[in-house]
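# A look at the structure
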Amino acid sequence: MVIDRGRVISPGRVNLLGEHVDYNDGVVLPAAIDRYINIHFHRTTDKSVTLYARDLGEECSFDPRQLANKTALDGSPLPGWAMYPAGIIWNLLNYDLPVEGFSADLHSDIPIGAGLSSSAAVEVGFAVVCEALGGWELDRMTLARICQEAEHEYVGVNCGLMDQFASACGVANHIVMLDTRSLLFRPVPLPSDTVIVIADSTLRRTLVNSAYNERRMDCEQAVAHFRSRDPSIRALRDLAPEWFYTAEGELPPGVYRHALHVVEEIARVDEAIRLLENNDAEGFGGLMFETHRSLRDLYEVSLPELDILVESAAGLEGCLGARLTGAGFGGCTVNLVYKEHIDNFVARLGEIYTVKTGLQAQIFATMPSKGAHIL
Ligand code: GLA
């Protein structure tokens, strides 16, 4: 169906379990959240694209066919925020999908840079805009993969598929389990009587992208080590923890620690799925705490403020589990909380965090939502 104007909403995501495993062929458990990038768009008669970032008060125009050098119509470099829509348009054209000229106004109620994938939501949202204007249609998994590829090749972040997948394929009221090797996915209900609470530490780190790419290279180094013994090893997914432990002393200590997190996290997700299927909220929450310790001590992507949020949540009534979510180095924690304790949990966690850090966390309950779509 071809549409000339409309509004697309594209959700951020929170990951419940399976952190830093999506670029190691592991299984992840994200949910799209009810916070969105909102894009109002309309077709224009010329072939250029004009974007207005309402939250920043900035505008940018470019020619979709002149995006390889990452410049705007006036020849200036594209601003950081415009790299995401530009990257998508550049990649859709690589696939010979027609992109029409349009004008769009975007606004986000997903906190930016907080580990809730506002950038993936922008990518997926603009892919849906181009789809509606161009009158073509892709299945949501293919759309997510084209967005991920744009992030690798245009933006320069070697991310996994989880964020774009969650934003494209989210299911209301469900976690969506994705096997990043087979690309099979299915919705899994949240344990009964529980709610997801997100706590934004409000801390933002700048070097996240380079640290992310470095972790990814460490994982590849560990895989190469095992592949030299057994050529069938393709990813850390292929290593049982017991086998991996034999590499201690053979790999540089940092590489060993980082890869150890991944190998154990992949095993934890297997157990988590069994617990979810048995509606075992307490068991699942216990694994969330384990994941946080592993991200802090082994993968080394936490910050003291995130640790404070997790430790403080653990002491509050009704909290089943808490951990940092997303890439780390700042951003948010995700908490699983019994419904009846939500109000007290949100209020107390905020107070304790302020006393301990002097900062004001942004804490809110969220419901898993449907993936990006036209309203
Ligand atoms: C970022 C990436 C994802 C994933 C997470 C960590 O959000 O974009 O692909 O690797 O970090 O789990």
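Attention in this report is confined to the structure presented alongside it. Source: prediction; values computed, not measured. Once a new chain begins, its residue numbering starts again from 1 and follows that chain's sequence as written. Restriction of local features to residues with pLDDT of at least 70 applies here, the model being predicted, together with a cutoff of 80 or more for giving and counting side-chain atom pairs; totals for whole chains, interfaces and linings are based on all residues. Water and hydrogen atoms were dropped before computing side-chain values, which therefore reflect all heavy atoms in the structure.

### A closer look at the pattern of salt bridges
Heads up, the condition is: The term salt bridge refers to a side-chain nitrogen of Lys or Arg lying within 4 Å of a carboxyl oxygen of Asp or Glu. Starting at the N terminus, helices and strands are each numbered in turn, a helix being any DSSP run of H or I of at least four residues and a strand any DSSP run of E of at least two. When accessible area is computed with a 1.4 Å probe and restricted to protein chains, residues below 20% of their type maximum are described as buried, those above 50% as exposed, and intermediate ones as partly exposed.
Using the criterion set out here, one finds 20 salt bridges in the structure. Across the pair Arg 181 and Asp 238 runs a salt bridge whose closest N-O atoms are separated by 2.7 Å. You can see Arg 181 sitting in the loop between strand 7 (174–179) and strand 8 (185–189) and its partner Asp 238 sitting in the loop between helix 5 (208–227) and helix 6 (241–245), a full 57 residues away along the chain. Classification of Asp 238 by relative accessible area gives partly exposed; the value is 26%. Between Glu 265 and Arg 268 there is a salt bridge; the shortest N-O distance is 2.9 Å. Of this pair, Glu 265 and Arg 268 are both found in helix 7 (residues 253–277), 3 residues apart, which corresponds to roughly one turn of the helix. Since its relative accessible area comes to 0%, Glu 265 is described here as buried.

### Here's the deal with the nonpolar core
Selection criterion: Only buried residues count toward a nonpolar core. Its members are Ala, Val, Leu, Ile, Met, Phe, Trp, Tyr and Cys residues joined through side-chain atoms within 4.5 Å. A contact between two residues is defined here by any heavy atoms of the two lying within 4.5 Å.
Leu 16, Leu 29 and Phe 102 are the most contacted members of the largest nonpolar core, which has 116 residues in total. Among the elements that line this core, the one with the most residues is helix 7, at 12 residues. If we skip the residues at most four places from it in the chain, Leu 29 touches Asn 15, Leu 16, Leu 17, Ile 175, Val 176, Met 177, Val 269, Ala 272, Ile 273, Leu 276 and Phe 284. Grouped together as the second largest cluster of nonpolar side chains are 19 residues, Ala 313, Phe 345, Leu 349 and Tyr 353 included.

### Side note on helix 7
Basically, it comes down to this: What a helix should span is 1.5 Å times the count of its residues minus one.
Between its first and last C-alpha, helix 7 extends 36 Å over 25 residues, near the 36 Å set by a 1.5 Å rise per residue. Positive backbone phi, at 55 degrees, marks Asn 279, one or two positions downstream of helix 7.

### Observations regarding the packing of aromatic side chains
Here is the rule: Each aromatic pair joins two rings of Phe, Tyr and Trp (for Trp, the six-membered one) with centres within 6.5 Å, and gets the label stacked for planes under 30 degrees apart, edge-to-face for over 60, and tilted for any other angle. A ring is considered to have a charge above it if a Lys NZ or an Arg CZ atom is located within 6 Å of its centre and within 35 degrees of its normal.
Tallied over the entire structure, the rule returns 7 aromatic pairs. Between the aromatic rings of Phe 244 and Tyr 256, the centroid separation amounts to 5.0 Å while the plane-to-plane angle is 15 degrees, which identifies the pairing as stacked. Within this pair, whereas Phe 244 is found in helix 6, its partner Tyr 256 is found in helix 7, the two being separated by 12 residues in sequence. Here the two residues Phe 244 and Tyr 256 agree in accessibility, since each one is buried. Positioned above the aromatic ring of Tyr 154, the side-chain terminus of Lys 70 is 4.9 Å from the ring centre.

### Describing unusual backbone geometry
For Leu 183, which is not glycine, the phi dihedral falls at a positive 65 degrees. Locating Leu 183 in the fold gives a position in the loop between strand 7 and strand 8. The backbone of Asn 279 sits at a positive phi, close to 55 degrees, despite the residue not being glycine. Tracing the backbone through its elements, the reader meets Asn 279 in the loop between helix 7 and helix 8 (281–297).

### Here's the deal with the site of the ligand
Here is the rule we go by: Throughout this document, a residue counts as near a molecule or strand when at least one of its heavy atoms sits within 4 Å of that molecule or strand. Here a polar contact is taken to be a pair of N or O atoms separated by no more than 3.5 Å, where protein atoms must pair a possible hydrogen donor with a possible acceptor and residues adjacent in sequence count only if both atoms sit in side chains. Methods summary: accessible areas were calculated by the Shrake-Rupley approach with a probe of 1.4 Å, and residue burial reflects only the protein chains presented. When residues are grouped by polarity, Ala, Val, Leu, Ile, Met, Phe, Trp, Tyr, Cys and Pro land in nonpolar, Asp, Glu, Lys and Arg in charged, and all others, Gly among them, in polar.
Taken together, Arg 13, Glu 19, His 20, Asp 22, Tyr 23, Cys 159, Gly 160, Met 162, Asp 163, Tyr 212 and Ala 327 make up the full set of residues adjacent to the ligand. At 2.7 Å from an oxygen atom of the ligand is found a main-chain nitrogen or oxygen belonging to His 20. For the ligand, the accessible surface in isolation is 310 Å², of which the surrounding protein chains cover 92%. Class assignment for the residues of the shell around the ligand results in 5 nonpolar, 2 polar and 4 charged.

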